[in-house]
Structure formats: structure tokens, C-alpha cells
Amino acid sequence: MIITSKIITEFLQIRQATDEICAPLKIEDYVVQPVVDVSPPKWHLGHTTWFFEEFILVKFKPGYEPYDNRYKYIFNSYYETAGDHILRTKRGNLTRPTVEEVYAYRDFVTQQLAEFLEDQLTEEIHRMVTLGMHHEQQHQELLISDIKYILGHNPLLPRYSQTFEEHQAEKQKEKWYRIDKGVYEIGHKGDTFCFDNEKGAHKVYLHPYRISNKLVTNAEYLEFMNSGGYDTVTLWHSDGWEWKKSNKIKAPLYWYWHKNRWKHYTLKGFKEIDPETPVTHISYYEAFAFAQWKGKRLPTEFEWEIAQEYFDWGKRWEWTESAYLPYPNFEKAEGPLGEYNGKFMVNQKVLRGASVATSKAHSRNTYRNFFQPHLRWQYTGIRLVE
């Protein structure tokens, strides 16, 4: 039985949460796109609205006419089978529609969908709305990360919020948990929501290993930096070494050498670095080099999933040693939604867990995030195994 009032309430709460993330912004902040990987906040607002309009209202509501036929072109992200769309690099050119107009579009679609769900909530529509809500929660995480990149590359390093807490020390003492060799089952099980890349529960063989219950801290990473870790070629992959040299990388993203010490930009402004909090905004290349320096390694995503009961995850997305590949019997959905995950299963590394930017109840221990190994703007960190 589908409880209509519950999903409408959840839908409205998620839409409101996105608006609240954007509330501290100034109008000028909504349109900036410093690099290709960062989308303007205004585009996120339009894209998450277009998703509900395109895949639910247009498809299922009789007689529904799109709010503005031009929006499909500018707010479609990468769904080639849903129609043409602007290049990702051009999103920052969208001075029009205005922020006010995008919010009007957003309010219109929110109201239309809430009213539609009162009378038309079939099993299929319920599945699509649920996917749309999780999709918007993914963009809430991206919004926070993108806003930090936008403000963190403003020469004035402006503060976003006085209350958003990015950096919390892990209170437990470090402990290494042994996982015995054996065959373990991996992947999502049961009828609760998951993305298609989590499906295909299957067995894997794991060799014995030990995994730390704590993420690598700023203090530990500073030791790596001070010992010449960024200058020791033998610690790095070849691609990572070339990336480091080409981009003149010497520290995590948002770290600045200021008055003879390292400080960093946070959403609360320019702050001292707390040595006890987990290091963040690290590329896979840096995570690998650090693990090499420590004489240890990164976990595979399977080792991480089996051991997750032994540590308090959710402070940082955690790099794994696993390539992002399909599970056995992976199947793409039909139509545009078949492009949701499968098309990205090449040249990327899996991250596990969640981060301080992740919406509550959005992540699972089977959740598979994925990024190219050089990317650092997300809240990425390091957990070691041996």
C-alpha cells in the first residue's frame, strides 16, 4: 500500500532543504562556474526541477505542458536520449533565466507535482518520485561542495555560514580490526531503495586484512607533506605524478600557506587547521601516495563494505582502490534513466561512505559514489588498511 501523504511530505521537505542550502547565497553567487566540474547553484535548482517535470509530469500527467520549452535544453544534464542539451562548460553562461525566474519555475513544478500525487500515485510513479528525491539529495551534496569551491576561489574567501560544521574530530582511539579471509556477499539486498549500480548482490573472496577505525587526520597528512611526500616520485602513480607537477599541487585543496603556517578555507571562512580532524579534499592520487608513504594501502570497496560495522563512517567520502565497474548481471534501465550510472563505468574510482555534505538518510553501506582520480572538490578523505 502506498501512503500518499508520506511521500508528498518527504518530497516537499527535500525541495525545501535544497532552498535552505541556497539561502545564504547572494544573487551573484548563483551563476558562477569556476571550472567544468562545478555547476552554478542556479543550474542545480533548475536541473532538479526539470528532472521531476520531464520524467514525471510530462510523462504521466495528461495534458501537462512544460513550464518553458527552452528549459529542457539548458537544464538537461547528460541524458542524450531525452534530447539535446547545452555543454557542461556553458552552464556558467546562463545569466538568463534569472534566479527569480528559476525559483518561479521551481515553485510551479513543486506545486504541480504535489497536487498530481494526491490522486495519481501508482507504483510506477512512486518509484519515479522516489528516484527523483534521491537524485535531488545527490544534488544537495553537490550544491554544498560547489558553493564551497565558488566561494573558496573568490580572492576574498567569503564566509558561507556561521553554523555549517565541516570539521569534527573523531573521538575514538585508533584501532585496527582484523577481517578474516573468506567468501563474503556484497551489494544491496532487500526491497528498500538503492541505485542500479548497487544491485547484483554477489560473493567475493577476501584475503585477510586489517582496517583502521579512524580516518587519516590533518596532523598525519602534514607529516607526509613535511617529509617530502609531494616530492618523492616513488610514492606516486605515473598519472598522479604528472597531475601533481602540471597543477603544482603541494597540499590539499583549500590549504594556503599563510604567515609561515598552513591555514584553510572552510564554509565558516578562513581558519586555522585542526590537526585532529580528518583531512579532506584529497584526490585519489594523493590518497594513494599517502598510503604508500605509510607502508599501507587503500581498501577495496569490498573490504570497506564488509568492515563498515567497525568504524563510524559518514564524515568524508572515502577513496577506495576499486575501479568503478558494473556488478554481475548489472542492467541499465530502459529509456533516458538507463544513462543514470552505467555510462560512467570507466576511468573512475569508487568512493564509499558519505560526508558532512550528504543529506541525512541518503547514504547506505552499499552506496557507490565514483569520481575521476584527480578530483578533490568533494569532501574526500583517506582510510587505510594493511
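Residues numbered from 1 in each chain as written. Predicted model: local features only at pLDDT ≥ 70, side-chain atom pairs only at ≥ 80, totals over all residues. Heavy atoms only, no water.

Caption draft 1: Examining the overall build of the protein chain more closely. Helix and strand counts for the protein chain come out as nine helices and eleven strands. Relative to the compact-globule value of 21 Å for 386 residues, the protein chain shows a C-alpha radius of gyration of 22 Å, a close match. In the protein chain, which comprises 386 residues, the proportion classed as buried is 55%. Pairs at least 24 residues apart make up 78% of the contacts formed inside the protein chain by residues separated by at least 6 positions. Of the roughly 18,200 Å² of accessible surface on the protein chain, 50% is carried by carbon and sulfur atoms. Here the protein chain contributes 49 positively and 52 negatively charged side chains, and the mean placements of these two sets differ by 6 Å. (Helix = DSSP H or I, 4+ residues; strand = E, 2+ residues; numbered from the N terminus. Rg over C-alpha atoms; globule rule 2.2 N^0.38 Å. Buried < 20%, exposed > 50% of the residue type's maximum accessible area, 1.4 Å probe, protein only. Contact = heavy atoms within 4.5 Å. Areas by Shrake-Rupley, 256 points an atom, 1.4 Å probe, with all protein chains shown as cover. Lys, Arg positive; Asp, Glu negative; His and termini not counted. Charge placed at Lys NZ, Arg CZ, Asp CG, Glu CD.)

Caption draft 2: Representation of the side chain of Arg376 within the structure. With respect to the helices, strands and loops of the structure, Arg376 is situated in the loop between β10 (369-371) and β11 (380-381). Using a relative accessible area of 11% as the deciding quantity, one classes Arg376 as buried. At 2.8 Å, the side chain of Arg376 and the backbone oxygen of Ala251 are in polar contact. Dropping the residues within four chain positions of it, Arg376 is found in contact with Trp243, Ile249, Ala251, Pro252, Leu253, His281, Ile282, Ser283 and Glu286. (Polar contact = N/O pair within 3.5 Å; in protein donor to acceptor, adjacent residues only side chain to side chain.)

Caption draft 3: Representation of unusual backbone geometry in the model. Looking along the chain, the bond that leaves Arg96 and enters Pro97 is cis, with omega of 0°. Considering the arrangement of structural elements, one finds Pro97 in the loop between α3 (71-75) and α4 (99-120). At Asn347, a residue that is not glycine, the phi angle is positive and equals roughly 60°. Relative to the elements of secondary structure, Asn347 occurs in the loop between β8 (317-323) and β9 (349-353). Relative accessible area serves as the criterion here: at 66%, Asn347 is assigned to the exposed category. One non-glycine residue, Ala361, lies in the positive phi region at around 65°. Checked against the element boundaries, Ala361 lands in the loop between β9 and β10.

Caption draft 4: Representation of the UniProt feature "domain: Sulfatase-modifying factor enzyme-like" (unreviewed entry) in the protein chain. The UniProt record marks residues 175-307 with the feature "domain: Sulfatase-modifying factor enzyme-like" (unreviewed entry), using the residue numbering of this structure. Secondary structure over residues 175-307 splits into 28% helix and 23% strand, and the C-alpha atoms at its two ends are 13 Å apart. (UniProt positions renumbered as here; feature names shortened; annotations may be inferred.)

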